[in-house]
Amino acid sequence: MDPLLNLGNPGGLTRRTFLAGNLVAAAVWAAGCSGGSRPEASPDGGGFRWKGVNLDTDRGLWRPDFVEKELASIRHDLHANSVIVLGSDLERLIDTAAMAAERELFVWLEPRTFESTDSDTLEFVIEVAIAAEALRANYPDVGLSMGVELTLFMQGLVPGNDWRERGAALATTDPAEYNAALNGYLAFALQTIRPLFGGLLTYSSGPWERIDWSGFDVVGVDLYRNADNRATYLDDLRAYLAEDKPVLITEFGCCTFDGAADLGGDGFLRSIDGDQTGLVRDEREQATEIAELLDLYSAEGVDGALIFTFIEPENTYSPDPGADLDMTGFSLVRCYEPGSEKAYEISGYFEPKASFEVAAARFVDR
């Protein structure tokens, strides 16, 4: 694999297809990471250093004034001090990061170019790094993720023409091979980005990926809990904590229906092509899962926890269970469907769910 090759970009993925990557996590989970002692969890020795949510800028309706409202709620109502701003549009990423930084939120930028070659992926990370470094001139609390679950979403690390084929191939590909290829790419990327960006660097890894964290400032992992890994979840978490680095949980949470906690990051798959058959809305299930994980992270000394996700305007709430797309969304707030008097598209209106309330209660204390 040559990171300098430029073979073109075959197109992107939607955020919903991204989460399908968690299907393969249980099948390819290997031995834990190793390491030594860790630094304090936060500068003052208590609570989370980074506490907050993901905020996706890849959405059908893009209104900066709506995003301003969302960030204000994240900062003042949710009591967060950090946000992952993710997406594939440079202008949206940097504009949103600037708005977040103005509200004294620590901003983690996560550039995404799904289904791209290694060279195209790195090219976009370079663009974001340069813009982020300019932002740091006024707002120093800006960090950068080098990518997300690249064994699935970047060409060349695992056999397959798209993420589906690569997801299937992960179960039969030697982990030593794809981890060596991934770490080779990340080492090259770090060497390229370090001279351009002076802030903290991490990578949003999948739990099946074994990362050489030596060149990173922060260990990052998308660590959803589900029925398959519930018994080993604490050991899995402690394997990351054994690294001599701060640990940031870059994604966790679940959907909003009865049984969603057992599915973890795969809960959205219960509504393929809009089929909601058999689902029962249950905000308490989502709230309980997030509350339990935040309590666990706090007790174990995790440095940062960023819930997936704050808002999903396309996954709208409806009193009709068959049309309630919010049930199979991960957001902490509900949005209303077009045509209703509370429609998001009219004013950017949203309402907190039970999960918002339990997260806010914990964030204000930690």
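Keep in mind the model is a prediction, meaning the values are calculated, not measured.

> Any details on the overall build of the chain? Residues and values, ideally.
Looking only at helices and strands, the chain has twelve helices and ten strands in total. The proportion of buried residues among the 366 residues of the chain is 58%. For the chain, long-range pairs separated by at least 24 residues make up 74% of all intrachain contacts whose partners lie at least 6 apart in sequence. Per element, the accessible surface of the chain, about 13,800 Å² overall, is 51% carbon and sulfur.

> Describe the environment of Glu165, and please don't skip the residues or the numbers.
Relative to the helices and strands, Glu165 is located in helix H6 (residues 163-170). When the C-alpha atoms of Glu165 and Leu152 are compared, they prove to be 8.8 Å apart, with 13 residues separating the residues in sequence. Not counting residues within four places of it along the chain, the set of residues in contact with Glu165 comprises Pro159 and Gly160.

> An account of the side chain of Thr256 is needed here, citing residue identities and associated values.
Its place among the elements puts Thr256 in the loop between strand S7 (247-251) and helix H9 (260-263). On the accessibility criterion, Thr256 (0% relative accessible area) is buried. At 3.5 Å, the side chain of Thr256 forms a polar contact with the side chain of Gln286. Excluding residues within four positions of it along the chain, Thr256 makes contact with Val280, Arg281, Asp282, Glu283, Gln286, Asp326, Met327, Gly329 and Lys353.

> I'd love a proper account of the packing of helix H2 (residues 64-76) against helix H3 (residues 90-102), names of residues and values included.
In contact at an axis separation of 10 Å, H2 and H3 are set at 35° when each is read in the N-to-C sense. Taken as a pair, H2 and H3 cross one another with a handedness that is right-handed. Touching Pro64, Val67, Glu68 and Leu71 of H2 are Thr96, Met99 and Ala100, all from H3. Looking at the contact of H2 with H3 residue by residue, the classes come out as five nonpolar, one polar and one charged.

> Tell me about the environment of Asn54, residues and numbers included.
Within the secondary structure, Asn54 is located in strand S1 (residues 50-56). In contact with Asn54, not counting residues within four places along its chain, are Ile84, Leu86, Thr250, Glu251, Leu306, Ile307, Phe308, Thr309 and Phe310.

> So what's going on with unusual backbone geometry? Residues and values would help.
Residue Phe308 is joined to Thr309 through a cis peptide bond whose omega torsion reads 5°. In this structure, Thr309 sits in the loop between strand S8 (304-307) and strand S9 (333-334). In the Ramachandran plot, His79 falls in the positive-phi region, its phi being about 65° despite a non-glycine side chain. For His79, a relative accessible area of 29% translates into the label partly exposed. The backbone of Glu115 sits at a positive phi, close to 70°, despite the residue not being glycine. Mapped onto the elements of the fold, Glu115 is located in the loop between strand S3 (106-111) and helix H4 (118-136).

Conventions and cut-offs
Residues numbered from 1 in each chain as written. Predicted model: local features only at pLDDT ≥ 70, side-chain atom pairs only at ≥ 80, totals over all residues. Heavy atoms only, no water. Helix = DSSP H or I, 4+ residues; strand = E, 2+ residues; numbered from the N terminus. Buried < 20%, exposed > 50% of the residue type's maximum accessible area, 1.4 Å probe, protein only. Contact = heavy atoms within 4.5 Å. Areas by Shrake-Rupley, 256 points an atom, 1.4 Å probe, with all protein chains shown as cover. Polar contact = N/O pair within 3.5 Å; in protein donor to acceptor, adjacent residues only side chain to side chain. Axes fitted to C-alpha atoms, helices over the stretch in contact; angles between N-to-C directions. Left-handed = near helix turned anticlockwise from the far one by under 90°. Nonpolar A, V, L, I, M, F, W, Y, C, P; charged D, E, K, R; others polar.

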